[in-house]
Amino acid sequence: MLETIEDGLYRGKQPSTVMQRVFGGQVLGQSLLAASLTVDPGRLVHSFHAYFLLPGDPSVPIVYDVDNLRDGRSFSARRVAARQHGKHIFYLTASYQGDEPGLSHQDVAPADVPPPEDCPPLADSLAGVMRSDVAAAMAEEFGAMDFRFAGSSAPGGRYHDPAHPAIARVWMRAGATSGRAGEDPADEHGIPDGHMLHRCLLAYMSDLTLLHASLVPHMTVRPEDMVRASLDHAMWFHRPFRADRWLLYDQVSPSASGARGLSFGRIYQDGVLVASAVQEGLIRPTVALP
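Within every chain, residues take consecutive numbers counted from 1 along the sequence as written. A pLDDT threshold of at least 70 governs which residues receive local features in this predicted model, and a stricter bar of 80 or more applies before side-chain atom pairs are shown or counted, although totals over entire chains, interfaces and linings include all residues. Water and hydrogen atoms play no part in the side-chain values, which are based on all heavy atoms of the structure.

1. Description of the confidence of the model for the protein
Our working rule: The predictor rates its confidence in each residue with pLDDT, a number between 0 and 100. By definition, residues are in contact when any of their heavy atoms lie within 4.5 Å.
Per-residue confidence for the protein gives a mean pLDDT of 88; residues scoring 70 or more make up 87%. Low confidence marks residues 177–188, where pLDDT is under 50. Its contacts with residues over four positions away, or in another chain, come to 20 contacts.

2. Brief notes about unusual backbone geometry
Which entries qualify depends on this criterion: Secondary structure counts use DSSP, requiring at least four H or I residues in a row for a helix and at least two E residues in a row for a strand, with both numbered from the N terminus.
Even without being a glycine, H85 presents a positive backbone phi close to 50 degrees. Inspection of the secondary structure assignment puts H85 in the loop between strand 5 (75–84) and strand 6 (87–98). Its identity is not glycine, yet A259 carries a phi of approximately 65 degrees, on the positive side. Along the chain, A259 turns up in the loop between strand 10 (247–257) and strand 11 (260–269).

3. With respect to the packing of aromatic side chains
To describe a pair of aromatic rings, one takes the distance between the centres and the angle between the planes. Note the cut-off: Pairing of aromatic rings covers Phe, Tyr and the six-membered ring of Trp, with a centre-to-centre limit of 6.5 Å; geometry is then stacked below 30 degrees between planes, edge-to-face above 60, and tilted otherwise. Between buried and exposed lies partly exposed: a residue is buried under 20% and exposed over 50% of the maximum accessible area for its type, with that area taken using a 1.4 Å probe on protein chains only.
The full count for this structure, using the stated rule, is 4 aromatic pairs. Aromatic side chains F48 and F237 sit 6.3 Å apart centroid to centroid with 45 degrees between the ring planes, which places their arrangement in the tilted category. On the criterion of sequence distance, the pair formed by F48 in strand 3 (residues 43–52) and F237 in strand 9 (residues 226–237) is long-range, its members being 189 residues apart. Each member of the pair F48 and F237 is classed as buried. Given a relative accessible area of 6%, F237 falls into the buried group.

4. Some thoughts on the sheet that holds strand 8 (residues 167–174)
In a beta sheet, neighbouring strands pair by backbone hydrogen bonds and run either parallel or antiparallel. For the record, the criterion: DSSP bridges decide pairing: two strands pair if at least two such bridges lie between them. The axes are straight lines fitted to the C-alpha atoms, using for helices just the contacting stretch, and the angles between their N-to-C directions are given from 0 to 180°.
An order of 1-2-4-5-6-3-9-12-11-10-8-7 is seen for the 12 strands of this open sheet, with the pairing classed as antiparallel. Only two strands of the sheet have a single neighbouring strand rather than two, namely strand 1 (2–6) and strand 7 (145–152). Across this sheet, the average inter-strand angle for adjacent strands is 25 degrees, counted without regard to direction. Pairing between strand 3 and strand 9: 5 bridges, direction antiparallel.

5. Quick notes on the pattern of salt bridges
Pairs may arise between side chains of opposite charge once their charged atoms sit close together. Put simply, the rule reads: The term salt bridge refers to a side-chain nitrogen of Lys or Arg lying within 4 Å of a carboxyl oxygen of Asp or Glu.
The final tally for this structure, using the stated rule, is 14 salt bridges. Among the ionic pairs, D244 bridges to R242, the shortest N-O distance being 3.0 Å. R242 gets classed as buried once you look at its relative accessible area, which sits at 14%. A salt bridge links R266 to D250, with the nearest nitrogen and oxygen atoms 2.8 Å apart.

Structure, rendered in structure tokens:
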């Protein structure tokens, strides 16, 4: 995935794609991997904050330049600049910490969510709101990730609530979807428990659906009639998890205004809150609103 050019400098390979710009989750995951390669393996990322500055060009590699900001007694900090064509397209700052005991509490996971084996693939659920060719292209692009649509607050949806108009829940895991719906691919990947790659994979997956939560109350505007782009993205990792086992992504958008939507996501595994994410994105209609 990453080629080492020299200490702290990496080149990210581009996957085969028909997309006109680089998927934001790819830049997130590769940047986090680049930063993690410069940190003591005993410390894992516990948070990162990132800004998407320019659309990435999928036809050329991305160069990731890692700056060592600090290695303290308990924490390490890194800053990553992603560049293409001599310009910065993305910035990420990440903080790392070793395992440490402490106080603990968490919000309870939503109880009214159907199991992943009873939920349709995400691409199938979007067929009614996206052109069939767009939905098919999405399924092809992200086939290595298994996403299942668990419901939303859209009118007639499982979680419809006028007081909370923008809710969307999905199940997700890293792993091809060729197996049976309830099959757990955890043993197929060979990534050790607690390895940094689980957090890099979750960063990748976290970008795919979070902005969409801000569009749930506005389904009268077709996706192809909007410009959508991630502007910034932040994550906090709370507890150990495996990215190749089912994760529930509980997403809510408390506000959309000024052609921007804000979304929050809580990520659970087996009822345990393992991570949280926040994203603001551009949601600019290209047609007159009704």
